[in-house]
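Residue-level listing of the chains:
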Amino acid sequence: MSDEELQKLVESISENDFKKPFKHKAFFNGRLRTTGGRYSLNTHHIEINPKQYSYYGLEELVKIIKHELCHYHLHLEGRGYQHKDKDFKVLLKEVGGSRFCQTLPNARRVVKKLYVYECKQCGITFKRKRRFDTRKYVCGKCKGRIKMVKTFSLQNVDE
């Protein structure tokens, strides 16, 4: 689907389901990673993640467009356009938009590390996700010196 076809689809959904015109631009944005779409408060444009369309098809794309059009029309009317607002929730339910988009398969594989530290004085051990400088910090229990004992790598864990 091209950007022009997407523009026409958004305009027709806006007219049919919202009974209001869509007067701005709608286009695919391949840089979107964790969201199905995005409505810009400044430009009033709607950006759609093309991967959602390629993985889940037209039906899911229409739900995402309806979601973004809820933001669009409510914002322009000066009503509650945020996810937490009642106006948004009610309108989204009326038009049949999706509250959340589908998760993309293999969206991102991450290698996570765990660092294990030990106090040289009292022997207490603790784990941290982030590494820290053992010369700067001391044990919170006895004020003894700390040393790094192990590093664990947890591979192929979804973020």
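Residues numbered from 1 in each chain as written. Predicted model: local features only at pLDDT ≥ 70, side-chain atom pairs only at ≥ 80, totals over all residues. Heavy atoms only, no water.

### Things to note about helix α1 (residues 3-18)
Its 16 residues place the ends of α1 21 Å apart at the C-alpha level, agreeing with the 22 Å of an ideal helix rising 1.5 Å per residue. Among the residues of α1, those classed as buried are Leu-6, Gln-7, Leu-9, Val-10, Ile-13, Ser-14 and Phe-18. The buried residues of α1 occupy an angular sector of 165° when projected down its axis, which confines them to one face. Facing away from the buried side of α1 by more than 90 degrees, the exposed set consists of Glu-4, Lys-8 and Asn-16. Packed against the buried residues of α1 are β1 (26-28), β3 (46-48), α2 (50-77) and α3 (86-95). In the segment just after α1, Lys-19 is the residue with positive phi, at about 60°. (Helix = DSSP H or I, 4+ residues; strand = E, 2+ residues; numbered from the N terminus. Expected span 1.5 Å × (residues − 1). Buried < 20%, exposed > 50% of the residue type's maximum accessible area, 1.4 Å probe, protein only. Arc of directions from axis to C-beta. Contact = heavy atoms within 4.5 Å.)

### Remarks on the packing of aromatic side chains
Using the criterion set out here, one finds 8 aromatic pairs in the structure. Each ring, one from Tyr-39 and one from Tyr-72, has its centre 5.9 Å from the other, and the planes form 90°; the classification is edge-to-face. Note that Tyr-39 is positioned in strand β2 (residues 37-39) and Tyr-72 in helix α2, a separation of 33 residues in sequence. Tyr-72 matches Tyr-39 in its accessibility class, with the two residues each being buried. Residues Phe-132 and Tyr-137 carry aromatic rings whose centres are separated by 5.5 Å and whose planes lie at 90° to one another, so their mutual orientation is edge-to-face. Look at Tyr-137 and you get partly exposed, because its relative accessible area is 47%. The rings of Tyr-117, Phe-126, Phe-132 and Tyr-137 are connected pair by pair, giving a single aromatic cluster. (Phe/Tyr/Trp six-rings, centres within 6.5 Å; stacked < 30°, edge-to-face > 60°.)

### Overview of the packing of α1 against α2
Running from amino to carboxyl end, α1 crosses α2 at an angle of 65°, the nearest separation of the two axes being 10 Å. Accordingly, the angle class assigned to the pair α1 and α2 is roughly perpendicular. α1 and α2 meet at a crossing whose hand is right-handed. Seen from α1, the contacting residues are Leu-6, Leu-9, Val-10, Ile-13, Ser-14, Asp-17 and Phe-18; seen from α2, they are Leu-58, Leu-61, Val-62, Ile-65, Lys-66, Leu-69, Cys-70 and His-73. Here the residues of the contact of α1 with α2 sort into 11 nonpolar, 2 polar and 2 charged. (Axes fitted to C-alpha atoms, helices over the stretch in contact; angles between N-to-C directions. Parallel < 35°, antiparallel > 145°, perpendicular 65-115°, else oblique. Left-handed = near helix turned anticlockwise from the far one by under 90°. Nonpolar A, V, L, I, M, F, W, Y, C, P; charged D, E, K, R; others polar.)

These figures capture arrangement, not role.
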